[in-house]
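Below, each chain spelled out in residue letters.
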Amino acid sequence: AEVRHEVDEAPPAAPNPRLPQPYSRTDAMADALDCALDLMRRLPPADIEENLMGLIDLVPDLCENLLSAVDQPLKIAHDAASKRDYLLCDYNRDGDSYRSPWSNKYDPPLGDGQLPSQTLRGVELKANEIFDIYRDLYFEGGVSSVYCWDLDSGFAAVVLIKKTQDHSKKGQPMKGTWDSIHVVEVNESKKNANYKLTSTVMLSIETETEATGTVTLSGSLTRQTTNEYQVTETSPHVCNIGRMVEDMEYKLRQTLETIYFGKTKDIANELRQAVGTSELKRRADITSKISGSMR
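Residues numbered from 1 in each chain as written. Predicted model: local features only at pLDDT ≥ 70, side-chain atom pairs only at ≥ 80, totals over all residues. Heavy atoms only, no water.

S.K.: Looking at this model, I keep getting lost on unusual backbone geometry. Mind explaining?
M.R.: Generally, phi is negative for residues other than glycine and the peptide bonds are trans, each holding for most cases. Omega for the bond connecting aspartate 107 with proline 108 falls within 30 degrees of zero, at -5°, which places this linkage in the cis form. Assignment of secondary structure puts proline 108 in the loop between strand 5 (106-107) and helix 4 (118-139). Positive phi values are uncommon outside glycine, yet asparagine 104 reaches one of about 65°. When you line up the elements, asparagine 104 lands in the loop between strand 4 (97-99) and strand 5. Given the relative accessible area of 19%, asparagine 104 is considered buried. (Helix = DSSP H or I, 4+ residues; strand = E, 2+ residues; numbered from the N terminus. Buried < 20%, exposed > 50% of the residue type's maximum accessible area, 1.4 Å probe, protein only.)

Quick look at the structure:
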């Protein structure tokens, strides 16, 4: 007779947390992306486009992730059909083509490019009209564009504004650029809608004189906020988004003014006084005499 012996197999041992674990390609790509974004934050903002292209050349696999994660200065294109300018960004790009918010067509032409639904297209057109007025009132020039796309629970939109001022043509040694990117995600319910706004402002100022040479001041600031508003005929999505963008741009401008100019001035004064020590002492003595006489 044949005798069979059954041997119970021991369960596989649990991985030892103290030993190094297998490192997947996904983990490697995530770490590489984190390192690339961290490096971009430490490099001069004025050279962001050149630095970004250099990183893409070094790590081509991160091309799409870097282009979608790193905000770049906005570029201007012209819509020949509507005879109006519009702004280019990753949100109106499909392949190598960009969609105009005025004619809703891609340039170069693209047959199967992504387009907003008919209802959302109406919202997009209205938003472009409203923010064109907003841009003219607050910036007195420049270019603005609004793009919308459908989501499962609502829709999303991006509001772009670019203003470039070059006083060097008028004999004044200063030129600057303001780029603002406002991305809002809208989750709709029966009566209310939840709006999640992420705003980024990029500011660049350059002056050049014989006394000081070339001085460049540039940087970016990102903030996020969430609000819930009622959606009615008197308070549609465009009004609610416009209110949030207006409030956020005011706060960002105040912060930029405090950080970029106020803090820079404080640091410069700490490094080198604008007047000599003897003059500062003379002013302090005068202040002391005036304070003493008022007692």
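S.K.: It is not clear to me how the confidence of the model for the protein chain should be interpreted in this structure. Could you clarify?
M.R.: Residues shown with low pLDDT carry predicted positions that ought not to be read at fine detail. The predicted model of the protein chain has a mean per-residue pLDDT of 86, with 90% of residues at 70 or higher. Predicted confidence is poor over residues 1-7, with pLDDT under 50, and the contacts of this stretch with residues over four places away or in other chains come to zero contacts. (pLDDT = per-residue confidence, 0-100. Contact = heavy atoms within 4.5 Å.)

S.K.: Can you help me understand the packing of aromatic side chains in this one?
M.R.: The description of two aromatic rings rests on the distance between their centres and on the angle between their planes. Enumeration over the complete set of coordinates arrives at five aromatic pairs. Pairing phenylalanine 131 with tyrosine 134 gives two aromatic rings, centres 5.8 Å apart and planes at 70°, and the pair type is edge-to-face. In this pair, phenylalanine 131 and tyrosine 134 are both assigned in helix 4, three residues apart and thus about one turn of the helix distant. Tyrosine 134 carries the same exposure label as phenylalanine 131, and that label is buried. For the ring pair tyrosine 195 and tyrosine 229, a centre distance of 5.9 Å and an interplane angle of 50° mean the geometry is tilted. Within this pair, whereas tyrosine 195 is found in strand 9 (residues 192-209), its partner tyrosine 229 is found in strand 10 (residues 213-230), the two being separated by 34 residues in sequence. The pair tyrosine 195 / tyrosine 229 is uniform in exposure class, with both members buried. Taken together, Phe131, Tyr134 and Tyr138 form an aromatic cluster joined through their ring pairs. Over the face of the ring belonging to tryptophan 102 we find arginine 84, whose NZ or CZ atom lies 3.8 Å from the ring centre. Sitting over the face of the ring of tyrosine 229, arginine 243 holds its NZ or CZ atom 4.6 Å from the ring centroid. (Phe/Tyr/Trp six-rings, centres within 6.5 Å; stacked < 30°, edge-to-face > 60°. Lys NZ or Arg CZ within 6 Å of the ring centre and 35° of its normal.)

S.K.: Quick question: what am I supposed to make of the sheet that holds strand 8 (residues 174-188) here?
M.R.: One open sheet holds the five strands; their spatial order is 6-7-8-9-10, and the pairing between them is antiparallel. The sheet is open, and its two edges are formed by strand 6 (143-151) and strand 10, each paired on a single side. Here the average twist between neighbouring strands, direction ignored, is 10°. Relative to strand 8, strand 7 (residues 154-166) is paired through 13 bridges, and the arrangement is antiparallel. Looking at strand 8, one finds that phenylalanine 155 is bridged to valine 186. (Pairing = 2+ DSSP bridges. Axes fitted to C-alpha atoms, helices over the stretch in contact; angles between N-to-C directions.)

S.K.: Looking at this model, I keep getting lost on the pattern of salt bridges. Mind explaining?
M.R.: Should their charged atoms come close, side chains of opposite charge can pair. On inspection of all chains with the given rule, the structure shows 13 salt bridges. A salt bridge links glutamate 124 to arginine 121; the shortest N-O distance between them is 2.4 Å. Here glutamate 124 and its partner arginine 121 are both found in helix 4, three residues apart, which amounts to about one turn of the helix. The same class applies to glutamate 124 and to arginine 121, which are both buried. Between aspartate 132 and arginine 135 there is a salt bridge, with its nearest N and O atoms 2.8 Å apart. Separated by three residues within a single helix, aspartate 132 and arginine 135 lie in helix 4, roughly one turn from each other. (Salt bridge = Lys/Arg side-chain N within 4 Å of Asp/Glu carboxyl O.)

S.K.: So what exactly am I meant to see when it comes to helix 4 here?
M.R.: For an α-helix, 3.6 residues make a turn, and residues three or four places apart therefore share a direction. With 22 residues, helix 4 should reach 32 Å at 1.5 Å per residue; the first-to-last C-alpha distance of 31 Å fits that figure. Against strand 4, strand 6, strand 7, strand 8 and helix 5 (237-271) lie the buried residues of helix 4. (Expected span 1.5 Å × (residues − 1).)

S.K.: Sorry if this is basic, but what is going on with the sheet that holds strand 4 here?
M.R.: Think of a sheet as strands paired side by side through backbone hydrogen bonds, with each pair either parallel or antiparallel. Here we have three strands laid out as an open sheet, ordered 3-4-5, and antiparallel in their pairing. Every interior strand has two partners, whereas the edge strands, strand 3 (93-94) and strand 5, have only one. In the sheet, strand 3 pairs with strand 4 via two bridges, with the strands oriented antiparallel. In the sheet register, arginine 93 faces strand 4, and the bridge partner there is tyrosine 98.

S.K.: For this particular structure, what's the right way to read the packing of helix 4 against helix 5?
M.R.: Between two packed helices, the angle of one axis relative to the other and the distance separating the axes together describe the packing. At a closest axis distance of 10 Å, the pairing of helix 4 and helix 5 adopts a crossing angle of 30°. With respect to helix 5, the element helix 4 is oriented roughly parallel. The handedness of the crossing between helix 4 and helix 5 is right-handed. The segment helix 4 lies against helix 5, with Val123, Lys126, Ala127, Ile130, Phe131, Tyr134, Tyr138 and Phe139 engaging Val238, Ile241, Gly242, Val245, Glu246 and Glu249. Split by residue class, the contact of helix 4 with helix 5 holds 10 nonpolar, one polar and three charged. (Parallel < 35°, antiparallel > 145°, perpendicular 65-115°, else oblique. Left-handed = near helix turned anticlockwise from the far one by under 90°. Nonpolar A, V, L, I, M, F, W, Y, C, P; charged D, E, K, R; others polar.)

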